[in-house]
Amino acid sequence: MDARLPEGRVDRQPIDRPRANAIGTSGTAHASSIREAFERSADLFAYAQSLEPAARERDADAIWMISRVYEYCSGFAMAPAAFDRDTRTIGEMNMRGSAAMVAARERVSDRCARFVPQDDLSPRMIVLKRVEAAEAGSVAAEASLMAAGEPVKDTPEYKRDLVERVKKSEDPEAYSALAPAMGIAASGKTEYTGAVAGTQFSELAWQLAACRMGMDCTSDSALMTSYCANGGICSSVPGQDFERFVFDAAVPRQGVDVINDMVDSLMGGKRNLK
């Protein structure tokens, strides 16, 4: 497809500060519009192509959202027939959660149907696109690279600074992208001393903060769909959003206040009472 990067290694350029936040002051409406379109689009191939002109102009959020399409559709696009065959098998197993997982996988198949293996939506291609987005100024892309173990700079100072820049950005996409890096993966690392980091609750807190800051975390969102379709982590309650799912299935009762306090601290002490 047109939005695909060419083959070959993309050299990373040092990034001390992004040239523009993914959702900076002047681009808030633009970023919000294309992010909402990602969640609404029934044809993610066409959606990614529609962003290509902006991506060629080094629009950080357009490049970042193309990378999100790559990630969302990767499992299907790399082997569509095998993906659909596995979906049927999961349905035939008729286990608890099978119906929800089948529904999530069918949603992915439908939205990603025009991608083919030749589009090469591989993990390598996702990293390349996110390096491009980071170089254009996307804090969310920088966060996702660090979460994937591919930080722009592999130094404690850079990592500590990035955590602070994500918080200052108030960008829910950046919070969500950083979440996996702030969970168990951060345990014992001195660069995260004093940060919300190092436990399973920490990862959930960053993701919940993203949801409360405006990221789509509804039952049919890309977030919930990917958890279910790719990891089999599915809500047994139809229509349940990410926050209700977390407090229903992932956090014991005595941990509710702990994780809410973490979320509050990430949001500057302003709790979004829902």
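Use the structure listed above.
Along each chain, residues carry numbers from 1 onward, in the same order as the chain's sequence is written. Where totals are concerned, whole chains, interfaces and linings use all residues; where local detail is concerned, this predicted model gives features only for residues with pLDDT of at least 70, and gives and counts side-chain atom pairs only at 80 or more. Note that the side-chain values use all heavy atoms of the structure and ignore hydrogens as well as water.

## Considerations on the state of the cysteines
Piece 1. Criterion for a disulfide: a pair of cysteine sulfur atoms within 2.5 Å. Following the criterion strictly, the structure yields three disulfides and no others.
Piece 2. The disulfide bridge from Cys73 ends at Cys112, spanning 2.0 Å between sulfur atoms. The sign of the S-S torsion, about -75°, decides the handedness of the disulfide formed by Cys73 and Cys112: left-handed. Taken together, the positions of Cys73 in helix H3 (residues 60–77) and Cys112 in the loop between helix H5 (98–111) and helix H6 (123–136) put the pair 39 residues apart, joining distant regions of the chain. A single burial state applies to Cys73 and to Cys112, both of which are buried. Each helix is a run of H or I in the DSSP string that is no shorter than four residues. Each strand is a run of E no shorter than two, and both are numbered from the N terminus. Per-residue accessibility, obtained with a 1.4 Å probe over protein chains only, is compared with the maximum for each type, and a residue is labelled buried under 20%, exposed over 50%, and partly exposed between these values.

## Description of the side chain of Ser221
Piece 1. By the element assignment, Ser221 lies in the loop between helix H10 (200–212) and helix H11 (222–231).
Piece 2. Polar contact is the term for a pair of N or O atoms within 3.5 Å; when the atoms are in protein, one must be able to donate a hydrogen and the other to accept it, and sequence-neighboring residues count only if both atoms are side-chain atoms. For Ser221, the side chain forms a polar contact with the main-chain oxygen of Thr218, separated by 2.7 Å.
Piece 3. Side-chain polar atoms of Ser221 contact the backbone nitrogen of Met224, separated by 3.3 Å.

## Topic: the pattern of salt bridges
Piece 1. Definition used for salt bridges: Asp or Glu carboxyl oxygen within 4 Å of a side-chain nitrogen of Lys or Arg. The full count for this structure, using the stated rule, is 14 salt bridges.
Piece 2. Residue Asp154 pairs with Lys159 through a salt bridge whose shortest N-O separation is 2.9 Å.
Piece 3. What makes Asp154 exposed here is its relative accessible area of 61%.
Piece 4. The closest approach of N and O atoms between Asp241 and Arg244, which form a salt bridge, is 2.8 Å.
Piece 5. Overall, Asp241 belongs to the buried group, its relative accessible area being 13%.
Piece 6. Arg244 gets classed as exposed once you look at its relative accessible area, which sits at 52%.
Piece 7. When salt bridges that share partners are traced, they join Arg35, Asp61 and Asp171 into one network.

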